[in-house]
Amino acid sequence: MKFFVASKKTIAGILILVALLTAALLAVGATDAESVYLGKSPRRIPIYSVETDRKVVALSFDAAWGADKTLGILETLERYDAVANFFAVGMWAEKYPEELKALADSGRMEIGTHSNTHPDMADMSVADIKLELSTSTEIIENITGGEVELFRPPYGSYSDNLIETAEELGLYTVQWDVDTLDWKGLSASEIAARVLGNVKNGSIVLMHNNGEHTLEALPLVLEGLKNKGFDCVKIGDLIYRENYTIDHTGRQIRST
């Protein structure tokens, strides 16, 4: 008899546990699990690429150290009648204002901010994030005379807090879906192969203005993209500014 009573208590306990687990699973189902299943993300994600029928690609260059190859990159873009994006750290812009001004004046480079001092901003306070972004955008805008609307987080590191604070400041947070790894010293042909083997409509390509072989690789990239039927566009002309969603891969999709 005692055994039977104990079993009833055990069964009751199991039923309570099952009920609690079911409630928890339903809660998850309404957020994380369901979002992933539907191709959405439960957390904020930057723009890594853009869903589009156009055969277009956006090349981008991050600038934090050095400027020896910067004007060479601009000359190459001019030679191939191409455009690109340039994400400058505020301290870099202050050190190389003439180069940054030349890029902006050419009309071939859309200038964005890459922070002011290149820290990992994922765990920063809102106040520190605002200081980094407002300082860098002010420096860049004073040099170029243009408005900054794009932001690339240093190291590709981000958080909901960072993206939301950037939005408050009128900035779109942009990453990439094709990484050249040019900062690792890859050869020009290796860099070009990484681009040409991975681009798709709406891809955003990451390069660095002072990569060891980036300048050598750029003609190969531009020629290869042309042969594959791709045109280069600026990120500002690629992204959607309203009526869009971003899926769990960071692909920006126009809402229907």
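Above this text you will find the structure in question.
Quick notes on the rules
- Residues numbered from 1 in each chain as written.
- Predicted model: local features only at pLDDT ≥ 70, side-chain atom pairs only at ≥ 80, totals over all residues.
- Heavy atoms only, no water.
- Helix = DSSP H or I, 4+ residues; strand = E, 2+ residues; numbered from the N terminus.
- Buried < 20%, exposed > 50% of the residue type's maximum accessible area, 1.4 Å probe, protein only.
- Areas by Shrake-Rupley, 256 points an atom, 1.4 Å probe, with all protein chains shown as cover.
- Core = buried A, V, L, I, M, F, W, Y, C linked by side-chain atoms within 4.5 Å.
- Contact = heavy atoms within 4.5 Å.
- Axes fitted to C-alpha atoms, helices over the stretch in contact; angles between N-to-C directions.
- Parallel < 35°, antiparallel > 145°, perpendicular 65-115°, else oblique.
- Left-handed = near helix turned anticlockwise from the far one by under 90°.
- Phe/Tyr/Trp six-rings, centres within 6.5 Å; stacked < 30°, edge-to-face > 60°.
- Lys NZ or Arg CZ within 6 Å of the ring centre and 35° of its normal.

Enquirer: I'm lost on the overall build of the chain in this one. Help?
Expert: Looking only at helices and strands, one finds ten helices and eleven strands in the chain. Within the span of the chain, comprising 256 residues, buried residues form 48% of the whole. Per element, the accessible surface of the chain, about 13,000 Å² overall, is 54% carbon and sulfur.

Enquirer: Even after reading the chapter, I still don't get the nonpolar core, so can you show me in this structure?
Expert: The tendency in soluble globular proteins is for nonpolar side chains to be buried as a group. Counting residues in each nonpolar core, the largest one holds 49 residues, and the members touching the most others are Leu-59, Phe-86, Trp-92, Leu-100, Met-109 and Leu-225. At five residues, the largest contribution of residues to this core is made by helix 6 (residues 126-144). With near-sequence residues (within four places) excluded, Leu-59 lies in contact with Ala-84, Asn-85, Val-205, Met-207, Leu-218, Val-221, Leu-222, Leu-225, Cys-232 and Val-233. Core analysis: the next-biggest nonpolar cluster, separate from the first, contains 16 residues, Val-50, Ala-58, Phe-87 and Leu-150 among them.

Enquirer: How should I be thinking about the packing of helix 3 (residues 70-79) against helix 5 (residues 97-106) in this particular structure?
Expert: In a pair of packed helices, the angle between the axes and the distance between the axes together describe the arrangement. The interhelical angle for the contact between helix 3 and helix 5, taken along N-to-C directions, is 15°, at an axis separation of 10 Å. With respect to each other, helix 3 and helix 5 are oriented roughly parallel. Seen from above, helix 3 lies across helix 5 with left-handed handedness. Between helix 3 and helix 5, the contacting residues are Thr-70, Leu-71, Leu-74 and Glu-78 on the first element and Glu-99, Ala-102, Leu-103 and Ser-106 on the second.

Enquirer: What is the right way to read unusual backbone geometry from this model?
Expert: For residues besides glycine, phi is generally negative; the peptide bonds are generally trans as well. Despite not being glycine, Asp-81 has its phi angle at roughly 50°, a positive value. Following the sequence through the fold, Asp-81 ends up in the loop between helix 3 and strand 3 (84-88). The phi dihedral of Tyr-155 is positive, around 65°, even though this residue is not glycine. Topologically, Tyr-155 is positioned in the loop between strand 5 (150-151) and helix 7 (160-168).

Enquirer: Is there a simple way to think about the environment of Asp-182 in this case?
Expert: Note on placement: Asp-182 falls in the loop between strand 7 (178-179) and helix 8 (188-196). The class of Asp-182 is buried, set by a relative accessible area of 0%. Taking the C-alpha atoms as reference points, Asp-182 and Asn-210, separated by 28 residues in sequence, lie 9.0 Å from one another. Apart from residues lying up to four places away in sequence, Asp-182 is in contact with Ile-191, Met-207, His-208, Gly-211, Glu-212 and Thr-214.

Enquirer: Teacher, can you tell me more about the packing of aromatic side chains here?
Expert: Between two aromatic rings, the relevant description is the distance of the centres plus the angle of the planes. Inspection of the entire model under this criterion finds two aromatic pairs. An angle of 55° between the planes, with centres 5.3 Å apart, marks the rings of Phe-86 and Trp-92 as tilted. On the accessibility criterion, Phe-86 (0% relative accessible area) is buried. Judged by its relative accessible area of 2%, Trp-92 is buried. Aromatic side chains Trp-92 and Tyr-96 sit 5.2 Å apart centroid to centroid with 45° between the ring planes, which places their arrangement in the tilted category. By the burial criterion, Trp-92 is buried, and Tyr-96 matches it. When the ring centre of Phe-230 is taken as origin, the NZ or CZ atom of Lys-55, which lies over that ring, is 4.1 Å away.

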